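Fold and contact review
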Amino acid sequence: VVPGADPSARQLCFAWGPAEVLVCETLFGRTGGSRSRAGTAPRALTGSVAGTGEGAPSSSRVFVVRRDQDIYIQALRKLFNESHGIFMGLQRSEEELAGKSRKAQLVQVSKNYRSVIRACMEDMHQAAVSTRDPALQGQYSTQVSILSAMELIWNLCEILFVEAAAAGPLLLRLLDWVRLHVCDVDSMVREVLSSESPSKHKLFWNVVDVFVLQGRMDEARHLLSKEASANPTSMNMYKILDDLMKKMPVPSLGNTQTLTELELKWQHWHEECQRYLQDGTFASNPHMESICKILLGDEDAILEKKELMTTWYHFLVTRLLYSHPTVKPLELRFYAQSSMDLFLGGESSPEPLDMILMAAFEFEMHQVIKECSIVLSNWWFVAHLTDLLDHCKLLQSHNLYFGSNMREFLLLEYASGLFSHHSLWQLGVDYFDHCPEYGRVYLELHIERIPLSTEQKALKVLRICEQRQMHEQVRSICKIMAMKALRNNRLGSALSWSIRAKDAAFATLISDRFLKDYCERGCFSDLDLIDNLGPSMLLSDRLTFLGKYREFHRLYGEKRFPEAGRLLLTLMTAHIAPCSFWMTLLTDALPLLEQKEVIFSAEQTYELMRCLEDLTAGNPDKQKFQDDDVETTKVEMLRLALARNLARVIVKEGTVEGS
Amino acid sequence: RWRPLPSAALQPPDVFATGSWDNEDNRVSIWSAGDLGNAGLNGEYHGEPHLLCDIQHNGDVMDMQFLDQERIVVASSTGTVTIFRHHQNNQTLSANHRWEKAHYHVDQDTSCGGAACTGVVCNNPEIVTVGEDGRINLFRADQKDAVRTIDNADSSTLHAVTFLRTTEILTVNSIGQLKIWDLRQQRNEPSQIFSLAGDRVPLHCVDRHPNQQHIVATGGQDGMLSIWDIRHGTMPVSLLNAHEAEMWEVHFHPSDPDHLFTCSEDGSLWHWDTSTSVSEKPSFLHQGGRSTAYLSHSTINQSVVSAWLSNDPTKDRMEITNLIPNQTLSVNSLDVLGPCLVYGTDAEAIYVNRQLFA
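Attention here is on the structure that accompanies the text. Since we're looking at a predicted model, the values are computed, not measured.

1. Describing the packing of helix 1 (residues 77-92) of chain A against helix 17 (residues 380-391) of chain A
Residues and elements named next belong to chain A. Remark: helix 1 packs on helix 17, axes separated minimally by 11 Å, with the N-to-C direction vectors making an angle of 15°. Classified by the interaxial angle, the pair formed by helix 1 and helix 17 is roughly parallel. When you trace helix 1 past helix 17, the crossing you get is left-handed. Between helix 1 and helix 17, the residues in contact are Leu79, Phe80, Ser83, Phe87, Leu90 and Gln91 and Trp380, His384, Asp387, Leu388 and His391, respectively. Of the residues contributing to the contact of helix 1 with helix 17, the split by class is six nonpolar, four polar and one charged.

2. A short note on the interface of chain B and chain A
The interface is formed by 46 residues belonging to chain B together with 39 residues belonging to chain A. Of the roughly 3500 Å² buried between chain B and chain A on both sides combined, carbon and sulfur atoms contribute 43%. Contact with chain A buries area across many residues of chain B, yet Asp22, Glu24 and Ser155 of chain B alone supply 18% of it, more than any other trio. Across the chain B-chain A interface, the total number found is six salt bridges. Note that Arg500 of chain A is salt-bridged to Glu246 of chain B, the shortest N-O span being 3.6 Å. Remark: the boundary between chain B and chain A carries 27 residue pairs in polar contact (both at pLDDT 80 or more). Of all the elements in the fold, those that place two or more residues in the side of chain B that touches chain A are strand 16 (177-182) and strand 17 (192-195) of chain B. Of the residues that constitute the side of chain B that touches chain A, the class distribution is ten nonpolar, 20 polar and 16 charged.

3. So, the environment of Cys478 of chain A
All names here are of chain A. Relative to the helices and strands, Cys478 resides in helix 22 (residues 471-487). Judged by relative accessible area, which is 2%, Cys478 ranks as buried. For the pair Cys478 and Ala501, spaced 23 residues apart in sequence, the C-alpha to C-alpha distance is 6.0 Å. Contact partners of Cys478, with chain neighbours within four places excluded, come to Leu462, Trp497, Arg500 and Ala501.

About the cut-offs
Residues numbered from 1 in each chain as written. Chains lettered and ligands numbered in written order. Predicted model: local features only at pLDDT ≥ 70, side-chain atom pairs only at ≥ 80, totals over all residues. Heavy atoms only, no water. Axes fitted to C-alpha atoms, helices over the stretch in contact; angles between N-to-C directions. Helix = DSSP H or I, 4+ residues; strand = E, 2+ residues; numbered from the N terminus. Parallel < 35°, antiparallel > 145°, perpendicular 65-115°, else oblique. Left-handed = near helix turned anticlockwise from the far one by under 90°. Contact = heavy atoms within 4.5 Å. Nonpolar A, V, L, I, M, F, W, Y, C, P; charged D, E, K, R; others polar. Buried area = accessible area lost by both parts, 1.4 Å probe. Salt bridge = Lys/Arg side-chain N within 4 Å of Asp/Glu carboxyl O. Polar contact = N/O pair within 3.5 Å; in protein donor to acceptor, adjacent residues only side chain to side chain. Buried < 20%, exposed > 50% of the residue type's maximum accessible area, 1.4 Å probe, protein only.

Here's what the structure looks like:
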């Protein structure tokens, strides 16, 4: 919804930009359909800009609608920047590492991503706590929950896909996952633990149950011991329960036991628990009895503790812990589906998060990504997760209809979003680099649209283009900067931009500007530039002429007349000078001709005369020439001076030395 | 930029300032570098750098320098030069003085467009700024208007400025020239112009040797580090192929000038160390506990020639270290004071190293 744009009041028209949409109010259908001027560049920062309509009775407005709001959230900047670093590290990491070490590397990358998400969550949480504005607080809290959900999903994907935990360690990982993410009970736990006599606390048994449900046996036993010491009558029961809990076989991370061994042990232990329960050992203490039932994996007993588990996936893991600890990854889907059904029990329908987790348990990676793309407002999550899964070689080349694969598609979308940001575009460049099919094209199109407010920014953009051999873009950017400089009368800057682009045409333009200035003012501006052109003089003929012409002036100033004269002549005869300038050059020759000393030799004088004749004879604007008195006077004076010089030089050259 | 220490201070610097660019909302911020094991103001332990205060700034921060312990001069891309004061009692920043339109273009279309102010240097109370408009301004901290302005000092963009002596400044521009300006003289011409041989590669940064005022280092757009001896000739003494992209800043270490630091668009920060010497020459001249070996060409009796000017590759050994292990985006700015180094990157990160010579 665009605030302020009312389709019923005015007809609206649209224009799609790279990352924004321009919505414009028109008077179409009213007084002749004049469109208001869309005057702002697509990168306007505010929501709407007022513009005046042409011939309209009232002003029309242009709205700039941003598609991606998330990238403007301050606290998420860290997420984008850090994840960019991790992304680059992943792309550059060695692919030759095989098997276990590669997997360990990928798991580490995944953990890094997750720690960045957590860090952001922390910051956002701090911001939410410290802000006084309730609207802002609500916003931050929403963001925190979104990030938390993202980390939950990512963690599960890491366990199931990246690490691809096998039966045995799988359960342990899932237990860790649940413990980390189901934290609604944490405050209750803290309360009970910190009270003076925990066993008397009314929530005591809840906490014990929580520990048992999460498989935290040691902590549960510790609490139970407090109860036992407070209540000696139940000492016997406690000892048995404690013993059972201690002996419970769990999968180990190392290879100390095989699955079959574990299963055997577990079977024995399960039977032992069964016996104690059937013997009625715990009959007098309902709490302990329910714990025993939980240990036996009794679904109803576990389901009774719904509030303590809060989520169906907690229920799933608890179930697995106490009934199928050696569950294989591919069996997860069945248990997941039934767990969700049992837990939700038809009261509530699954939420998007639940569907995503279910898809993960079913090992439907594409489904996970698809659902996440739909639910999340920003491409960050899916782009990075897909890239990681692709590096794990888990995604088949699932070709989308326009030819690129899913990873590339998501990265392109994400990076395009970054380019609409005034500052994060630099990150986008690297993402495009790693999209083999369309990355370069996207980059070429996007990079030209970055507003170049200062020279330093332009230099950075240029460097990016040059490193990727994007010559078109280099030329275009340099031209823009050079034109700007020219308009601001910074001829040196303009020249330095055209040198960078090796743009001869522009160098010619600048030189013409200089020469024009000279003709108007009679002296050179920016001598520091022209005197120090160096090898860049060769970039364009006009520039060379400028440099040499200035040199002529310098030589003249230093009274090195013969050299000056020779240079002047070369400028004309070698056709370095533009024809329009010849008159000026010949006029410059006048004082040399009029010197007491003869400067030009006979040869040179003939050359000069020829130049003059070429100039006057071949001139189509002869009429104009003749009308202009100053011009004709000049020509006459030149002819006279040339003739006189010729006379003198013939005499001089004809004279025999010493006689 | 590190906040300067009061003279005769023994502890390392602990406060630095940063200025941001390319944000919708740019800020000038003051940070504490984090105490190494001591409790902070409120008894909290701050091992990491943390923000003390910040203030909104109009336009990109192009350059900054501390005027004194409390005031910092900031150059903006809008052409404005601002002095901010850091109030340490309540940890706030306020704008103390502002020179708007210190740099501007006179454009035919618009009435007066601002031009970015690209460099600022201070020598309390004098402040010199240069900009994209090729203008040099001389301000005094307490005066409202510029003391002196040299319009059109350069036909191209002036990228950086530094003091050569108290009355002379050095500027570098985008056509590869190093110019000396004598501020005592009234004429608007540089007193000397140096340029690179060959291609006129734009120079982006300049710094003068703290003790030997004739040694100047500049960094170019092609990442080349040039060392100049401004007593002799108009061309650099040595050209060192350094970075692969624009060198944004070059700094001699203020108390240990055998060390030079450069940072670049290619994401690296190099530490150039000429203090180690392969030769058997004895190390003499101890400064404050750190022995500094000066390379002497033959005997001790000969004059000490700074390592930077020596051209002989067999005698001199320069150690160059890249201080950044995983480089990604550009390192835009750095500052070094005592044993502490701080630098900022385009990945929106600030790094502090408080044990540079450990």
